[in-house]
Each structure stands twice: as C-alpha cells, then as structure tokens.
Amino acid sequence: MTEAIFSQLGLSPSALLLSAAAAIFSITYLFSQWRDTSGLSKIPSLDERFKLGFQRKARYLKHGKELLREGYRRFPDGMFRLTTQFGPTVVVSRDVMDEVIKKPDDMISFMEPVKHDMQVEYTGITDDHLVAETIRNDLTPNLGRIMPTLSKEIQNALLEEFPKSTEWTSLNINKILLRVVAIASGSTFVGTELCRTEEWIHLSTQYTMDVFIAAEKLKIVPSLLRPLSIKLGWAPELQRIVEHREKAKQYLVPIIQKRRQMMAADDGSWEKPDDCLQWMLEKAHQHGYSDEDIAVSQLSLSMVAIHSTSITATQALFDLAANPSCLEPLRNELNTALSMSPDSPPTFTKSTLSSCSFLDALIKESQRLSPVLLVIGKRVALAPIPLSNGITLPTGTHIACPSEAVGTDPTMYADPLEFRPERFLKDSSSSSTAISGSTRNALTASTKNSLHFGFGRHSCPGRFFAAMEIKLVFAFLVQGWDVALGEGGQTGKELRPASRERGDSITPDPSAMVWIRRRADA
Ligand code: HEM
C-alpha cells in the first residue's frame, strides 16, 4: 500500500524519507534558534560553534564524556547548556539538582525523559508503579530472607557457566555474566523453576535489548517521520517486543492463576512462594493490574534490573583482573567473613557480606570510573522552576546532572582516573577529603557525593538488591576461579578492555574476553 503511494508520486521510499528529513531538520533548526532566545540564554552554552541541532547531537553521541567533563570543570557550581541526545539540555550542578528534584512530580517530570529515551509511544513501555512499589516495599526490606536462595542460584549458575578446568580458558564474560545475573535475578523475580529455563532467560534479557535497539533506531529519525520509518521496516524489534509480551503472558498467567487457586484453598499447609511475582499478584488489584499486566510488569522489572547489574559486574571484573593486587585482600576479607558464618558448610549472610568493606569499595570504585550512565537525574520542567541563584528554568527545560564528571573531579578524588578501591575505605589515608571516613561511602549510598544510582525520591530502589547480587557473584567467583585478561594468565592495567561510549551510555566491550581457570583448591 505504502509502496503504491510512493510510485504514484514518482518517488522511491528512501527519496521521500530523505526529503522529509531535510524539511524537518530545517524546522527543527528554526525552532532551536527560537528556543535559544528564551530565559535559558542567560546560562552559558557549550553549543555555540555548532549551529545545527543534528550536528550538536552527533557531537554529543561521539564526545559526550569530554563535553560533560569540560562543562563541569568550567562551571562546577553552576550550570551550562549542552545539546545531548535528548535535545537542548541544561546540565546542572549537584546543588541545583538537589533543589530541582525536590519539586513535586507535576512540576518536574521523571517520566518525560523516559518517554523520549525509550520511545514509549512506539515501544509501549509504561510507568510501572507496581514494579517500583514491589521493590521498595517487598524486595528491599526482605533481602536477608531471600539471600540464601539468591546465593545458591548464583553459586550453581557460576558452576554451570564457568570452566571446570584448572587450565586457563577464554570466555566472553559479558554474555556469561548476563546469563548468571538473569538466572539469579529470575529466581527472586519469578521463582526458582522458571528462572532456569532457556525460554525465560532469553525473554528476560532479549526484551531489554529489543526495547533499547528499537528506541535508539527511532531516535535517529526525526519525530514526524517515525511512523513512516516504522512502516518501511526501520525497527523490526518493535514487532518482537509485542511477541515477547505475548510470550511472557503465556508463561506467567497460568503460574499466577495456579498461585491464586492455591491461595484460595490454602489451609496453612501451602508454602507460599517468596518472590516478586507473588508480592505483585497480592497487591495487583490495588493498582488495577490484571494477570496479563503482571506478566508484562515482570518484563519491565527485568528491563530495569538485569542489564544494569550485569554491566556493572562485568566492568568490576575487568577492573579486578586489571589490578591483581586487589585479589589477595579481597580473598582474605571473604575468608574472614565466611569464618564468621554459623552454618556448615559456611555461607554468606546479609550481615557477613556487609562486613566486606573492600569488596564494597572495589565495586564502587569500578562504578565511579565506568558508570552505566554519564548523567543522572534526567528530568523535564512541566512548569517554570525558580532557583535560588535567581534563574528560572522555563517550562519544557530538559535537565541532567553530569554524574561521571563529578565522579572524576580531581578536587574530590586524588588521581581521579586511577583505580584505587581504598579511597572508599573508612580508615584510608589515601581517601580524598570530600569522601573519606563515612559509611555514606557505601556502594548503595545515594547522596550528592554518590550519584550513580541517582538521588532524591526517584533514586534507584533496586540498588540494594543489585549490590547484593554483584557481591555474591564476586564472592563465589574469586574464591572458585582465577581471572586474567590475557593468554596464560596475563594481567595488568594496559590489558583492561576499553568501554564503548555513545551519548550518555557506557558499556563494556561486548566482544572482550577474560581468561578463567578453576582454582586447584576450590
Ligand atoms: C548496578 C545496577 C543498577 C544501576 C546502576 C541503576 C541505576 C539507576 C538509576 C541511575 C536510576 C534513575 C534515578 C534518577 O533518575 O533519579 C534508576 C531507577 C530505577 N531503578 Fe535502578 N539501577 C540498577 C539496578 C536496578 C535493579 C536491580 C532494579 C530492580 C530490582 C532497579 C530498579 C529501578 C527502578 C524501578 C527505577 C525507577 C525508580 C522510580 O521510578 O522512582 N534498578 N536506577
């Protein structure tokens, strides 16, 4: 049908797409010139040399980290304008961010940037209150209770996925840790049976990939042309997203219904599952969720949880392998923690794991240098936002805080690009002045000095679970295996795989290999 219209017009689909794109770029350019004359022009800009919006966006996609660092160093206490992949954005200091995010959601929107980033109009991602509430009210307070199951799943998954040989073997660690985290998270999200099935592992990881890829592809196309580009087959992932949702319903609705029957017939003998699916179905009616909605919410939960955690774990493993001097203190600390366990054989508990401050510091230091995102606190002003510095951010202003630049600020962190977990230890003499000597330095801290899980009321509610999961992966991994970055067990900073950076996001090199061998005494 669409092709028939094009041939009647005497145009190929790509010629039409190109002409329409040219027209839309011109309109966008004129609009961006008009926008710059608003109150925002009082704020310094890093965009001056580039006139066209698409040039600015392309520059950010390639050099986002350098631009954010430059702006932060030049205007550390204030704010600056920069076109990010999100469009013209006011990048604000932590103090301004602190002020802004305290405003109510009807003044400063958390969802608007998500709508753009995830292209929700096309991908169908929704603001899922049930997910955030379940994490805050059920998952986080019960971490101690679910830990034995989580711990067992991680240990089993590592034993299955990692080599049994005591010879060095190369592995694509991205893929393996994604599987381990998907299985382990699945045990807490949907239960220990479904979490190990290939179908669920595929669904819970591929859904996220398809949503992100579709959204990235759509953002390249000017907004008015997106429906046409979809008709022309530009984002086939959108169809797969719909299929993933149908599959999730097929897998989960019968389980949910079975659980409801068991609940209704329960005479006290039924052992109620202790997982997010159960917690969600028990409160679904308060939120007006059907059983099918719960199934889709489980995909949303996997989407926010699994990749962010496995990426953080992968980066930390690269850092550990690149810094072998960290291995001995880490193993000693873990052995001491296990020696405190009352169980036989000894196991990690929530409190023994929290006593492992070097492990906490190591992951936090890795996150400081390789966070998942360059900025946090992306928001859109839904009303004018007056600030204490006298500037009022007009309605529609896009805001973000340059968390990576803050984390590599030399006035906060001595030798900021060096990997030194000790800087986060309480009694470390090498800590920088701004961060030393406080339990607020923990990996899960969400403060103005610790930004990578966001801060304020929308800060990541899953960070306690993520931290526990990553720590358990590391605890079992370093006890059972040796890790290196080159053939024959070579290690060293120069071998650390470089990350991929595009716009706001930092990801480990997907093709990077690590070398692993089973420890003889494990
Ligand atoms: C290392 C892994 C993770 C990182 C780096 C991370 C990071 C973040 C960040 C930066 C935000 C946005 C905060 C803001 O804009 O103010 C966020 C929000 C969120 N995260 Fe995480 N996250 C991780 C793991 C998880 C896990 C495991 C879960 C679920 C169990 C989760 C659930 C959520 C949810 C539901 C939100 C939205 C909160 C809201 O709507 O208020 N995250 N996360």
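As annotated in an unreviewed UniProt entry, the chain is Cytochrome P450 from Phyllosticta capitalensis. The Cofactor (unreviewed entry) field of the UniProt record for the chain holds the comment "heme".

## A word on the side chain of Asp98
Within the secondary structure, Asp98 sits in helix α4 (residues 94–101). Reaching out from Asp98, the side chain makes a polar contact with the side chain of Lys102 at a distance of 3.3 Å. Excluding residues within four positions of it along the chain, Asp98 makes contact with Lys448 and Phe455.

## Quick word on the packing of aromatic side chains
Summed over the entire model, instances satisfying the criterion amount to 6 aromatic pairs. Considering the side-chain rings of Phe189 and Phe465, the 5.6 Å spacing of their centres and the 40 degrees angle between planes classify their relative orientation as tilted. Here Phe465 lies in helix α19 (residues 463–480) and Phe189 lies in helix α9 (residues 173–189), a separation of 276 residues in the sequence. Phe465 shares its class with Phe189; the two are buried.

## Overview of the site of the ligand
Around the ligand lies a shell of 21 residues, among which Arg136, Thr312, Arg379, His458 and Cys460 are the nearest. Contact distances for the ligand include 3.1 Å between an oxygen atom and a side-chain N or O atom of Arg136. His458 is positioned such that a nitrogen or oxygen atom in its side chain is 2.6 Å from an oxygen atom of the ligand. For the shell around the ligand, the leading source of residues is helix α14 (residues 291–322), giving 5 residues.

## Examining the environment of Ala475
Summarising the element assignment, Ala475 is placed in helix α19. For the pair Ala475 and Ala322, spaced 153 residues apart in sequence, the C-alpha separation works out to 18 Å. In this structure, Ala475 is in contact with Leu334 and Phe348, ignoring residues within four places of it in sequence.

## Thoughts on the coordination of the iron atom of the ligand
Just one protein atom coordinates the iron atom of the ligand, and that atom is Cys460 (SG), at 2.3 Å. Here Cys460 shows up in the loop between α18 (403–407) and α19.

## Overview of the nonpolar core
Counting residues in hydrophobic clusters, the biggest one holds 125 residues, and the most contacted among them are Met79, Leu139, Phe162, Leu320, Phe348, Leu393 and Leu472. Examining the composition of this core, we find that 14 residues originate from one element, α14, more than from any other. Beyond its immediate stretch of four places on either side in the chain, Leu393 contacts Leu40, Ile43, Met79, Val90, Val100, Ala383, Pro384, Ile385, Leu387 and Ile399. If you look at the next biggest cluster of nonpolar residues, it comprises 12 residues, including Phe75, Leu82, Val91 and Val375.

## Describing helix α15 (residues 327–339)
In this model, α15 (13 residues) spans 18 Å end to end at C-alpha, consistent with the 18 Å of a helix rising 1.5 Å per residue. The complete set of buried residues in α15 reads Leu327, Leu330, Arg331, Glu333, Leu334, Ala337 and Leu338. Each buried residue of α15 lies within a common arc of 160 degrees when the element is viewed along its axis, so the set occupies one face. Opposite the buried face of α15, at more than 90 degrees from it, the exposed residues are Glu328 and Ser339. Turning to α15, the residues buried within the fold contact α14, α16 (350–354), α17 (357–369), α19 and β9 (481–484).

## Regarding the side chain of Ser187
In this fold, Ser187 is placed in helix α9. Overall, Ser187 belongs to the buried group, its relative accessible area being 5%. Leaving out residues up to four positions away in the same chain, Ser187 has contacts with Leu150, Glu153, Thr192, Cys195 and Asp275.

## Details of the sheet that holds strand β3 (residues 108–109)
Spatially, 5 strands are ordered β1-β2-β8-β5-β3 in an open sheet, and the strand pairing comes out mixed. Both outer strands of the open sheet, β1 (79–84) and β3, are each paired with one neighbouring strand and no more. Sheet topology note: the strand β2 (residues 87–92)/strand β8 (residues 398–401) ladder contains 3 bridges and is parallel. Within β8, the residue paired with Thr89 across the bridge is His398.

## Here's the deal with the state of the cysteines
Applying the stated criterion across every chain, the model contains 0 disulfides. With no disulfide partner, Cys195 has as its closest neighbouring cysteine sulfur the one in Cys276, 12 Å distant. Of all cysteine sulfurs, the one in Cys356 lies closest to Cys326, which takes part in no disulfide; the gap is 15 Å. Overall, Cys326 belongs to the buried group, its relative accessible area being 5%.

Criteria and cut-off values
The residue count restarts for each chain, going from 1 along the sequence in the order it is written. Only residues with pLDDT of at least 70 get local features here, since the model is predicted, and only at 80 or more are side-chain atom pairs given and counted; chain-wide, interface and lining totals rely on the full set of residues. Side-chain metrics rest on all non-hydrogen atoms present in the structure, leaving aside hydrogens and water. UniProt positions are given in the numbering used here, feature names are shortened, and annotations may be inferred rather than shown by experiment. Secondary structure elements follow DSSP: runs of H or I no shorter than four residues count as helices, runs of E no shorter than two count as strands, and numbering proceeds from the N terminus. In the analysis that follows, any N or O atom pair within 3.5 Å is treated as a polar contact, provided that within protein one partner can donate a hydrogen and the other can accept it, and provided that, for residues neighboring in sequence, both atoms belong to side chains. When checking whether two residues touch, look at their non-hydrogen atoms; a contact exists if any pair is within 4.5 Å. Centres within 6.5 Å are what make two rings of Phe, Tyr or Trp a pair, Trp counting through its six-membered ring; a difference in plane orientation under 30 degrees is then read as stacked, over 60 as edge-to-face, and the rest as tilted. Buried means the residue's accessible area, taken with a 1.4 Å probe over protein chains only, is under 20% of the maximum for its type, while exposed means over 50%, and partly exposed covers the values in between. One heavy atom suffices: a residue is near a molecule or strand as soon as one of its heavy atoms comes within 4 Å of it. Only nitrogen, oxygen and sulfur atoms qualify as donors, provided they sit within 2.8 Å of the metal or within 3.2 Å for Na, K and Ca; with water excluded from the atoms, sites may seem incomplete. Nonpolar core, defined: a set of buried Ala, Val, Leu, Ile, Met, Phe, Trp, Tyr and Cys residues in which side-chain atoms within 4.5 Å join the residues together. Here, expected helix span is obtained from the residue count minus one, scaled by 1.5 Å. This arc describes the spread of directions from the helix axis toward the C-beta atoms. DSSP bridges decide pairing: two strands pair if at least two such bridges lie between them. Only a pair of cysteine sulfur atoms within 2.5 Å qualifies as a disulfide here.

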